[in-house]
Structures are given as structure tokens and as C-alpha cells.
There are 2 protein chains.
Amino acid sequence: MRIRGFAPEDWAQVWAIIEDVVRAQETFPYDPALTADEAYGTWVEMPPGRTTVAADGGRVLGTAKMGTNRPGPGSHVATASFMVAADARGRGVGTALCRDALDWARQHGYAGMQFNAVVESNRAAVELYRREGFAVVGTVPGAFRHPVLGRVGLHVMYQEF
Amino acid sequence: MRIRGFAPEDWAQVWAIIEDVVRAQETFPYDPALTADEAYGTWVEMPPGRTTVAADGGRVLGTAKMGTNRPGPGSHVATASFMVAADARGRGVGTALCRDALDWARQHGYAGMQFNAVVESNRAAVELYRREGFAVVGTVPGAFRHPVLGRVGLHVMYQEF
């Protein structure tokens, strides 16, 4: 598996991952009716941001996007998002994507990375981020409606470089 | 002073307030080079969101925008932003705008209101929000570069209805 920059020919596989994640409504506060065109605009970052894929040969196992969290006086803090294909989870794909995003942010001079809305019931993600150096700075109670668990919190997570 | 919906003829006065706030870089993580056109797109909310002004006769003293904080599984939480003209501060304009936004959010069935990035050195705002029922759920350390104070934190503040 290799992490590399997104190329337009990856889109069909990337969209399949996004569509699956968004329709499930379990881990991302995105519109579940998101269209492919809207997703492209949201997920495929223009410079200075960046979008990556975790590829195993021609197969896309996961994808990430990264960029500046807020403009102006907030522009020294990066953010990123990660999605892994359902049948590729538990194999370190998310960890590899996260480490690559952190490397990218450090190389580009960011002072830290912030995640704005990590669903607290998404244990795999929360634990992965903790292992990679992030801490929960706060949790907005009940800010995410999980289809099975009901209202769960959204963590803000942060790592200073 | 009366809080009412924004009308296009308010724009010149609203833009003057936004421009002053954004250029100062002390309270909003917005691009300090924001243009009037970009500001219009950012500040003037389309339904289901809403933009208001605090008006004293023909004079606009302050402005607010409000809407849904996140789509899909996050869409039961509202958000809002407030700006008051420099020479109208300390007179309750922000409080009136905030109370109106809270009324609007309750009437529209939101479960709570979240502020995503309140500059911690902006004491007047933080205290106003506390008085109106918000609590700090977490602070991202150093996430805002203040022109005088250097890096200060950004509070996430929340109020459940």
C-alpha cells in the first residue's frame, strides 16, 4: 500500500468510499444526499490543500483531504479528514493516511492540526488519532445523530507540532 | 434599537462593520483581505439560514448571521456570528442580536447552538455568551494569531436548548 496524491482517474473509487461513508451517517456530519459532484467539490482540495489516496496497485483502499482549518488569523492550523473502504478497515490504512497528512502539515509549516467534528462513538478513529498524538480538547454533547446510538458527541481534537 | 431581517439596502453599513472587524484581525478568523463580494456571500445567509441587523432608525449598529452548524447528522445544531460597530459597543447591541438568534434557533426546532471559534481574548464576547447560557466546551490552544497578544486560544462554546 502506498499513499500518493489523488489523480482524477481515482475518482470512481474515491466516490464509492465517500458514498458508502456518507449514506451510513455513522461517522461524518455530511449531507447523506450528497451527490458525486458535490462530493468532488468538497473532497478534492485545490492547492494549498491536498487530497491523497492509499493505493494497493490499482485499488484505492482509503482517501484523505487536508488543508488550512481557518483563514486569516487561524491559518497556521491545519485540518484533515480520512475515509477507508469498508472492506479495508483494521489494516492500518487510516493510520498511514493520518501519518502522511501530519508529515504534509509539518512540512508546510503549520503549527498544529485540528479535527473539528470527530464522532465520539467512532472508537477506531478516536483511538487512532490519540495514538498519533491528538488529544480531545472538548466534546459538543449530542451534536451528532447516530442512526443506531442516537445523539452522540462530536469531539474537537488537536495536536500541536 | 430594533433587530430585524437584513435587507439589501443595509449592505453598505453592514459591510463597513465587517470590513472594520476583519481588517483588525482581533476577533474573527476570517481572511483580512476579504472583499465586499466575498463578505456578502459569507455573511448574507440564504434560507434556511438568516441574517439580521440591529437598527436604530436608519443606522445599522450591528449584524448577525445564523443557520445550521453542520449538515446531515449534525443539522439539529445551529450556529451564529455577531459583529457590532466599533462606536456602538458596550450598549447591549450584541446581547440583543444574540437573544434574537437564540429565539430564532429555538423557534426553528434546533436542539442547541454552537460557536466554533470564539477568540478567548475577546472577553466582551465570551462573557456575553456565558450570560446568555453558553459554556466553553473546549479551547484549541494558540489557534488564533492576535496582532497584539500573539497566539491565543479559540473556544468552542455550546448551549443546549
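One structure accompanies this document, and this report is about it. Source: prediction; values computed, not measured.

## A few points about the overall build of chain A
So, step 1. Assigned secondary structure in chain A consists of 4 helices and 7 strands.
So, step 2. Counting from the amino terminus, chain A carries its helices and strands in the arrangement β-α-α-β-β-β-α-β-α-β-β.
So, step 3. For chain A, the C-alpha radius of gyration of 15 Å lies close to 15 Å, the compact-globule estimate for 161 residues.
So, step 4. Overall, the C-alpha framework of chain A stretches about 40 × 40 × 30 Å when taken along its three principal axes.
So, step 5. In chain A, the proportion of contacts linking residues at least 24 apart, taken out of those at least 6 apart, comes to 56%.

## Some remarks on the environment of Val148 of chain A
Residues and elements named next belong to chain A.
So, step 1. Locating Val148 in the fold gives a position in the loop between strand S6 (135–146) and strand S7 (150–160).
So, step 2. On the basis of neighbour counts, which here come to 8 C-beta atoms within 10 Å, the residue Val148 falls in the exposed class.
So, step 3. As for Val148 and Gln25, which are separated by 123 residues in sequence, their C-alpha atoms are 9.9 Å apart.

## Digging into the relation of the copies chain A and chain B
Related by rotation about an axis and a shift along that axis, the two copies of the chain form a pair.
So, step 1. With an axial shift of 0.0 Å and an RMSD of 0.0 Å, the rotation relating chain A to chain B amounts to 180 degrees. Here the transformation between the copies is reduced to the relation of a two-fold axis. Minimal C-alpha distance to the rotation axis in chain A is attained by Gly138 of chain A, lying at 2.0 Å.
So, step 2. Most of the interface of chain A is mirrored in chain B, where 100% of its interface residues are also at the interface.

## Observations regarding the pairing of strand S4 (residues 77–84) of chain B
All names here are of chain B.
So, step 1. When you tally the buried positions in S4, you get 8 out of 8 residues, the bulk of the element.
So, step 2. The alternating pattern of S4 places Val77, Thr79, Ser81 and Met83 and Ala78, Ala80, Phe82 and Val84 on opposite faces, both of which are buried.
So, step 3. Looking at chain direction, strand S3 (residues 59–68) and S4 are connected through 7 bridges and run antiparallel. Bridge assignment links Met66 to a residue of S4, and that residue is Ala80.
So, step 4. Bridge analysis of S4 against strand S5 (residues 112–119) gives 2 bridges, and the strand direction is parallel.

## Brief notes about the interface of chain A and chain B
So, step 1. Listed by partner, the interface residues are 28 residues for chain A and 28 residues for chain B.
So, step 2. Elements represented by at least two residues in the side of chain A that touches chain B include exactly strand S5 (112–119), S6 and S7 of chain A.
So, step 3. Here the side of chain A that touches chain B takes 10 residues from S6 of chain A, the largest share from any one element.
So, step 4. Taken together, the residues of the side of chain A that touches chain B break down into 15 nonpolar, 9 polar and 4 charged.

## Brief notes about the environment of Tyr158 of chain A
Residues and elements named next belong to chain A.
So, step 1. Structurally, Tyr158 is set in strand S7.
So, step 2. Note on Tyr158: 27 C-beta atoms within 10 Å, which makes it buried.
So, step 3. When the C-alpha atoms of Tyr158 and Gly74 are compared, they prove to be 14 Å apart, with 84 residues separating the residues in sequence.

## Regarding the packing of helix H1 (residues 11–24) of chain A against helix H2 (residues 36–43) of chain A
In a packed pair of helices, the relevant descriptors are the angle between the two axes and the axis-to-axis distance.
Residue and element names in this part refer to chain A.
So, step 1. One way to put it is that H1 packs onto H2 with a least axis distance of 11 Å and a crossing angle of 95 degrees. On the basis of the axis angle, H1 is roughly perpendicular to H2. Taken together, the residues of H2 that come into contact with H1 (itself represented by Trp11, Val14, Trp15 and Ile18) are Ala36, Ala39, Tyr40 and Trp43.
So, step 2. Tallied by class, the residues present in the contact of H1 with H2 amount to 8 nonpolar, no polar and no charged.

## Thoughts on helix H1 (residues 11–24) of chain B
Residues and elements named next belong to chain B.
So, step 1. When the terminal C-alpha atoms of H1 are compared, their 20 Å separation across 14 residues agrees well with the 20 Å that a helix rising 1.5 Å per residue should span.
So, step 2. Of the residues making up H1, those classed as buried are Val14, Ile17, Ile18, Val21 and Val22. Buried residues in H1, looked at end-on, bunch into an arc of 125 degrees, giving them a common side. Of the exposed residues in H1, those oriented more than 90 degrees away from the buried face are Ala12 and Arg23.
So, step 3. At the exit of H1 stands Gln25, carrying a positive phi of roughly 55 degrees.

## Concerning the nonpolar core
So, step 1. Within the largest apolar cluster, 98 residues are counted, with the highest numbers of intra-cluster contacts made by Leu97 and Ala101 of chain A together with Leu97 and Ala101 of chain B.
So, step 2. Not counting the four nearest positions on each side in its chain, Leu97 of chain B is found in contact with Ile3, Thr52, Ala54, Gly62, Ala64 and Phe82 of chain B.

Rules behind the numbers
Residues numbered from 1 in each chain as written. Chains lettered and ligands numbered in written order. Predicted model: local features only at pLDDT ≥ 70, side-chain atom pairs only at ≥ 80, totals over all residues. Helix = DSSP H or I, 4+ residues; strand = E, 2+ residues; numbered from the N terminus. Rg over C-alpha atoms; globule rule 2.2 N^0.38 Å. Contact = placed C-beta atoms within 7 Å. Buried ≥ 20, exposed ≤ 12 C-beta atoms within 10 Å, placed from the backbone. Least-squares fit on C-alpha atoms with pLDDT ≥ 70 in both. Pairing = 2+ DSSP bridges. Nonpolar A, V, L, I, M, F, W, Y, C, P; charged D, E, K, R; others polar. Axes fitted to C-alpha atoms, helices over the stretch in contact; angles between N-to-C directions. Parallel < 35°, antiparallel > 145°, perpendicular 65-115°, else oblique. Expected span 1.5 Å × (residues − 1). Arc of directions from axis to C-beta. Core = buried A, V, L, I, M, F, W, Y, C linked by C-beta atoms within 7 Å.

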